Amino acid sequence: QVQLVESGGGLVQAGGSLTLSCAASGSILNVNTMRWHRQAPGKQRELVATVTSGSMKNYADFVKGRFTISRDNAKKMVYLQMNSLKPEDTAVYYCAASITTRSLLTRDYWGQGTQVTVSS
């Protein structure tokens, strides 16, 4: 019964900004580490950023200094603020999280993805 839903994708010009949001809902005891991944056409899915339940953050080298991950534990949400966007950032962006359910089982859950397109 756990669900992750992303929003905020769209079309933006190179150099512009966009913010993605992801909400977790369902029979949740704890939302542990939350992550953003992306997948461009013909490419493997790659990890973009992570944030732990204590708000420790890590970024892939290709977004460091441009993207910011954050979370709101009370709302069970994670965000990705993307600045100075480049055409190579074009991809489907996926939210994922390690979640412990009220039945005390822990595993990864994934959102449906949201398209980000950066034009040159």
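Thresholds applied
- Residues numbered from 1 in each chain as written.
- Predicted model: local features only at pLDDT ≥ 70, side-chain atom pairs only at ≥ 80, totals over all residues.
- Heavy atoms only, no water.
- Helix = DSSP H or I, 4+ residues; strand = E, 2+ residues; numbered from the N terminus.
- Rg over C-alpha atoms; globule rule 2.2 N^0.38 Å.
- Buried < 20%, exposed > 50% of the residue type's maximum accessible area, 1.4 Å probe, protein only.
- Pairing = 2+ DSSP bridges.
- Contact = heavy atoms within 4.5 Å.
- Polar contact = N/O pair within 3.5 Å; in protein donor to acceptor, adjacent residues only side chain to side chain.
- Phe/Tyr/Trp six-rings, centres within 6.5 Å; stacked < 30°, edge-to-face > 60°.
- Lys NZ or Arg CZ within 6 Å of the ring centre and 35° of its normal.

> How would you sum up the overall build of the protein? Please name residues and give values.
Regarding its fold elements, the protein presents zero helices and eleven strands. Shown N-terminal to C-terminal, the secondary structure of the protein runs as helices and strands in the order β-β-β-β-β-β-β-β-β-β-β. In terms of overall size, the protein behaves like a compact globule, its C-alpha atoms giving a radius of gyration of 14 Å where 120 residues would be expected to give roughly 14 Å. Seen along its three principal axes, the alpha-carbon backbone of the protein occupies a region of about 50 × 25 × 25 Å. Counting over 120 residues, the protein shows a buried share of 41%.

> Run through unusual backbone geometry, naming residues and quoting values.
We note that Ser55 has phi near 70°; this positive angle belongs to a residue other than glycine. Here Ser55 is to be found in the loop between strand E5 (46-51) and strand E6 (57-59). The backbone of Leu104 sits at a positive phi, close to 70°, despite the residue not being glycine. Mapping Leu104 onto the fold places it in the loop between strand E9 (91-101) and strand E10 (106-110).

> Explain the pairing of E10 to me, and be specific about the residues and the numbers.
Bridge count between E9 and E10: five bridges; the pairing is antiparallel. Within E10, the position partnered with Ser98 by the bridge is Asp108. Where E9 folds back on E10, the antiparallel hairpin that results is connected by four residues, among which Leu104 adopts a positive phi of roughly 70°.

> Account for the environment of Lys57, with residues named and values stated.
Within the secondary structure layout, Lys57 lies in strand E6. Taking the C-alpha atoms as reference points, Lys57 and Thr68, eleven residues apart in sequence, are found 8.8 Å from one another. Residues contacting Lys57, with those up to four places away along its chain left out, are Thr50, Val51, Thr68, Ile69 and Ser70. A distance of 3.0 Å separates the side chain of Lys57 from the backbone oxygen of Ile69, its partner in a polar contact.

> I'd like a description of the packing of aromatic side chains, backed by residues and values.
Taken as a whole, this structure holds one aromatic pair when the rule is applied. Ring plane angle 70° and centroid distance 6.5 Å describe the contact between Tyr94 and Trp110, whose orientation is recorded as edge-to-face. Placement of the pair is Tyr94 in strand E9 and Trp110 in strand E10, with a sequence separation of 16 residues. Classification of Trp110 by relative accessible area gives partly exposed; the value is 37%. For Arg45, the ring lying beneath its charged end belongs to Tyr94, and the centroid distance is 3.8 Å. The ring centre of Tyr109 lies 3.8 Å from the NZ or CZ of Arg107, which sits over that ring.

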